[in-house]
Protein chains: 2
Amino acid sequence: MPLDYPAPIQRLIVQLKSLPGIGPRSAERMALWLLQAGRERVLPLAAALKGISEQVERCEDCGFFLELNAPCLLCTDAKRNRHIICVVEQAADVLRLERSRAFQGQYHVLGGKLSPLDNVTPEDLRIESLARRVVELPATEVILALSSDVEGEATAHYLADALRHTQTSISRLAQGMPAGGNLDHVDELTLYQALQGRRVV
Amino acid sequence: MPLDYPAPIQRLIVQLKSLPGIGPRSAERMALWLLQAGRERVLPLAAALKGISEQVERCEDCGFFLELNAPCLLCTDAKRNRHIICVVEQAADVLRLERSRAFQGQYHVLGGKLSPLDNVTPEDLRIESLARRVVELPATEVILALSSDVEGEATAHYLADALRHTQTSISRLAQGMPAGGNLDHVDELTLYQALQGRRVV
């Protein structure tokens, strides 16, 4: 058997390899870089990892991340409109929308989209708490900011059905040309939807 | 100011971003993946990081990694020839040579190569301990397995000078065509060296 790294280094390479987008070579390069960098670089990274597993929770209302024992920055922000809810799939989508500065209401993180192939059923998503919040806030409008793929469409239809009894207005994000896009770079379905949704100027 | 992730997540993103080859987007994606994966994935990675900073040392002789309080697997291997030393720049080079199974002697990790531009001087490299080992083992041959770039050349010349008094035979890796390479893909300098070093068949 050829020589290998000592066990602690091998363990680190195995762990790094399991990260998304990290292959065996990158994992080895990263481990060697960390060994070279010394404990002043390694220990803060280890501490930051422990930090997210011990100090980060999800808000029971909106589902976004919050620091342990701290209030949710979204749900407790008095400047935000409490009568409009934007439904997203993942917590990271909240930040994407926030960075666009186009929305100043409440968020609701579903935790995914319906996908029978991946065994994601309505029970796996935060749909019950959404229905409850729509009634409690109460919300006059629910915006479904979901993916524009098959699963996103199916999830939107399911949510529209599930919220019908609340009589809230339900909308979806517009589909059409991306900013800065030209007809050359847009696929046919997007072009079709951009034509369907054309607006008078 | 737009909303951002809670502080523990931001701290992790900053740490991940400092790794080689990881940009801000990959760092964010990795952090979110770890949050999703839960502590069963995060804590072993944190422990493995602590592991390398607490349980890994360098062998005082060869400079390769060893597990704390364990003997050096290279220097204590009785099957290895003790009279030939292969000098490499980095510990990772040892494994590359071991995987080729072409060498069964002692190693010596320099810790880099001479590079005035990066402020790497002879004092920064493990040259003194090399000279000591050559006398102590004693070594009848020293193979310089260094990079074939300007700094590697300079380091090889420096080492040859520094070891001259030991009267050990000093050799360098052959330069020439890479295995599987054809003339099309080889640069002019490599071709020149392959011609100079041609061998009678």
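**Description of the pattern of salt bridges**
Then comes step 1: In the structure shown here, the tally under the stated rule is 16 salt bridges over all chains.
Then comes step 2: The shortest N-O distance in the salt bridge between Glu98 of chain A and Arg80 of chain A comes to 2.6 Å. Placement of Glu98 of chain A in helix H4 (residues 91-100) and of Arg80 of chain A in the loop between strand S2 (65-67) and strand S3 (84-88) is noted, with a sequence separation of 18 residues between them. Both residues of the pair, Glu98 of chain A and Arg80 of chain A, belong to the buried class.
Then comes step 3: The shortest N-O distance in the salt bridge between Lys113 of chain B and Asp149 of chain B comes to 2.6 Å. Here Lys113 of chain B is found in the loop between strand S4 (106-109) and helix H5 (127-136), whereas its partner Asp149 of chain B is found in the loop between strand S5 (141-144) and helix H6 (150-163), with 36 residues between them in sequence.
Then comes step 4: Its relative accessible area of 22% is what places Lys113 of chain B among the partly exposed residues.
Then comes step 5: We classify Asp149 of chain B as partly exposed; its relative accessible area is 28%.
Then comes step 6: Through salt bridges that share partners, Asp77, Arg80 and Glu98 of chain A make up one connected network.

**Re unusual backbone geometry**
Then comes step 1: With an omega of -15°, the peptide bond between Leu137 of chain A and Pro138 of chain A qualifies as cis.
Then comes step 2: For Pro138 of chain A, the position within the fold is in the loop between helix H5 (127-136) and strand S5 (141-144).
Then comes step 3: Despite not being glycine, Arg101 of chain B shows a phi value in the positive range, around 55°.
Then comes step 4: Locating Arg101 of chain B in the fold gives a position in the loop between helix H4 (91-100) and S4.
Then comes step 5: The class of Arg101 of chain B is exposed, set by a relative accessible area of 59%.

**Considering the interface of chain B and chain A**
A common way to express how large an interface is: the accessible area buried when the components associate.
Then comes step 1: Counting from both sides, the interface comprises 53 residues of chain B and, opposite them, 53 residues of chain A.
Then comes step 2: Taking both partners together, chain B and chain A bury about 5100 Å²; carbon and sulfur atoms supply 73% of that area.
Then comes step 3: Broken down residue by residue, the surface that chain B buries against chain A is led by Leu3, Leu49 and Ile52 of chain B, which jointly contribute 13%.
Then comes step 4: Connecting chain B to chain A are two salt bridges.
Then comes step 5: Note that Glu28 of chain A is salt-bridged to Arg99 of chain B, the shortest N-O span being 3.9 Å.
Then comes step 6: If you list the elements that add at least two residues to the side of chain B that touches chain A, you get helix H1 (7-17), helix H2 (24-37), helix H3 (39-55), strand S1 (56-58), strand S2 (65-67) and H4 of chain B.
Then comes step 7: The element best represented in the side of chain B that touches chain A is H3 of chain B, accounting for 15 residues.
Then comes step 8: Partitioned by chemical class, the residues of the side of chain B that touches chain A number 34 nonpolar, seven polar and 12 charged.

**Thoughts on the packing of aromatic side chains**
Then comes step 1: Scanning the entire structure with this criterion turns up eight aromatic pairs over all chains.
Then comes step 2: Aromatic side chains Phe64 of chain A and Tyr5 of chain B sit 6.4 Å apart centroid to centroid with 15° between the ring planes, which places their arrangement in the stacked category. Highlighted residues: Phe64 of chain A in the loop between strand S1 (56-58) and S2 and Tyr5 of chain B in the segment before H1, drawn from two different chains.
Then comes step 3: Look at Tyr5 of chain B and you get buried, because its relative accessible area is 3%.
Then comes step 4: Considering the side-chain rings of Phe65 of chain A and Tyr5 of chain B, the 6.2 Å spacing of their centres and the 55° angle between planes classify their relative orientation as tilted. With Phe65 of chain A in strand S2 and Tyr5 of chain B in the segment before H1, the pair connects residues from two separate chains.
Then comes step 5: Taken together, Tyr5 of chain A together with Phe64 and Phe65 of chain B form an aromatic cluster joined through their ring pairs.

**Observations concerning the relation of the copies chain B and chain A**
Then comes step 1: Take chain B, turn it by 180°, move it 0.0 Å along the axis, and it overlays chain A with an RMSD of 0.1 Å. When the rotation and shift are considered jointly, the pair of chain copies conforms to a two-fold rotation axis. Within chain B, Ala46 of chain B has its C-alpha nearest the rotation axis, a separation of 2.2 Å.
Then comes step 2: The share of interface residues of chain B whose copies in chain A are also at the interface is 100%, consistent with both copies meeting through the same surface.

**With respect to the pairing of strand S4 (residues 106-109) of chain A**
Then comes step 1: What you see with S4 of chain A is no split at all: Gln106 and His108 of chain A on one side and Tyr107 and Val109 of chain A on the other are buried throughout.
Then comes step 2: A crossover connection joins S3 of chain A to the parallel S4 of chain A through H4 of chain A; in handedness this β-α-β unit is right-handed.

**Let's talk about the sheet that holds S4 of chain B**
All names here are of chain B.
Then comes step 1: As summarised here, the arrangement of the four strands in space is S4-S3-S5-S6, forming an open sheet in which the pairing is parallel. Two strands lie at the open edges of the sheet, namely S4 and strand S6 (169-172), each paired on one side alone. Taking the axes of each pair of neighbouring strands and ignoring which way they run, one obtains an average angle of 25° across the sheet.
Then comes step 2: As paired strands, strand S3 (residues 84-88) and S5 are joined by four bridges and run parallel to one another.

**Here we look at the domain arrangement of chain A**
Then comes step 1: For chain A, the assigned domains are domain 1 (7-57) and domain 2 (84-172).
Then comes step 2: A straight line from the C-alpha centre of domain 1 of chain A to that of domain 2 of chain A covers 35 Å.

**A short note on the sheet that holds S3 of chain A**
Residue and element names in this part refer to chain A.
Then comes step 1: Spatially, the four strands line up as an open sheet ordered S4-S3-S5-S6, and their pairing is parallel. Two strands bound the open sheet, and with one partner strand each, they are S4 and strand S6 (169-172). On average, each strand axis in the sheet is tilted by 25° relative to the strand beside it, whichever way the strands run.
Then comes step 2: The strands touched by H4 within the sheet are S3 and S4, with S4 carrying the most contacts at an inclination of about 150°.
Then comes step 3: Running at roughly 175° to S6, helix H6 (residues 150-162) makes contact with S3, S5 and S6 of the sheet.

**Here we look at empty space enclosed by the protein**
Over the atoms rolls a probe the size of a water molecule, and its path tells where empty space is left.
Then comes step 1: One pass over the full model with this rule turns up one cavity of 30 Å³ or more.
Then comes step 2: Considered as a void within the structure, the largest cavity measures approximately 30 Å³ in volume.
Then comes step 3: Around the largest cavity sit Leu16, Leu19, Leu45 and Leu49 of chain A together with Leu16, Leu19, Leu45 and Leu49 of chain B, which together line it.
Then comes step 4: Counting residues per element, the ones that place at least two in the lining of the largest cavity are helix H3 (39-55) of chain A together with H3 of chain B.
Then comes step 5: Residue classes in the lining of the largest cavity are distributed as eight nonpolar, no polar and no charged.

Criteria and cut-off values
Residues numbered from 1 in each chain as written. Chains lettered and ligands numbered in written order. Predicted model: local features only at pLDDT ≥ 70, side-chain atom pairs only at ≥ 80, totals over all residues. Heavy atoms only, no water. Salt bridge = Lys/Arg side-chain N within 4 Å of Asp/Glu carboxyl O. Helix = DSSP H or I, 4+ residues; strand = E, 2+ residues; numbered from the N terminus. Buried < 20%, exposed > 50% of the residue type's maximum accessible area, 1.4 Å probe, protein only. Contact = heavy atoms within 4.5 Å. Buried area = accessible area lost by both parts, 1.4 Å probe. Nonpolar A, V, L, I, M, F, W, Y, C, P; charged D, E, K, R; others polar. Phe/Tyr/Trp six-rings, centres within 6.5 Å; stacked < 30°, edge-to-face > 60°. Least-squares fit on C-alpha atoms with pLDDT ≥ 70 in both. Right-handed = clockwise from strand over helix to strand, strands pointing away. Pairing = 2+ DSSP bridges. Axes fitted to C-alpha atoms, helices over the stretch in contact; angles between N-to-C directions. Domains from an automatic or database assignment. 1 Å grid on protein atoms, 1.4 Å probe; cavity = no way out; pocket = protein on both sides within 12 Å on 5 of 7 lines; lining within 4 Å. Points joined across faces, edges and corners; volume = space filled by probe spheres on them.

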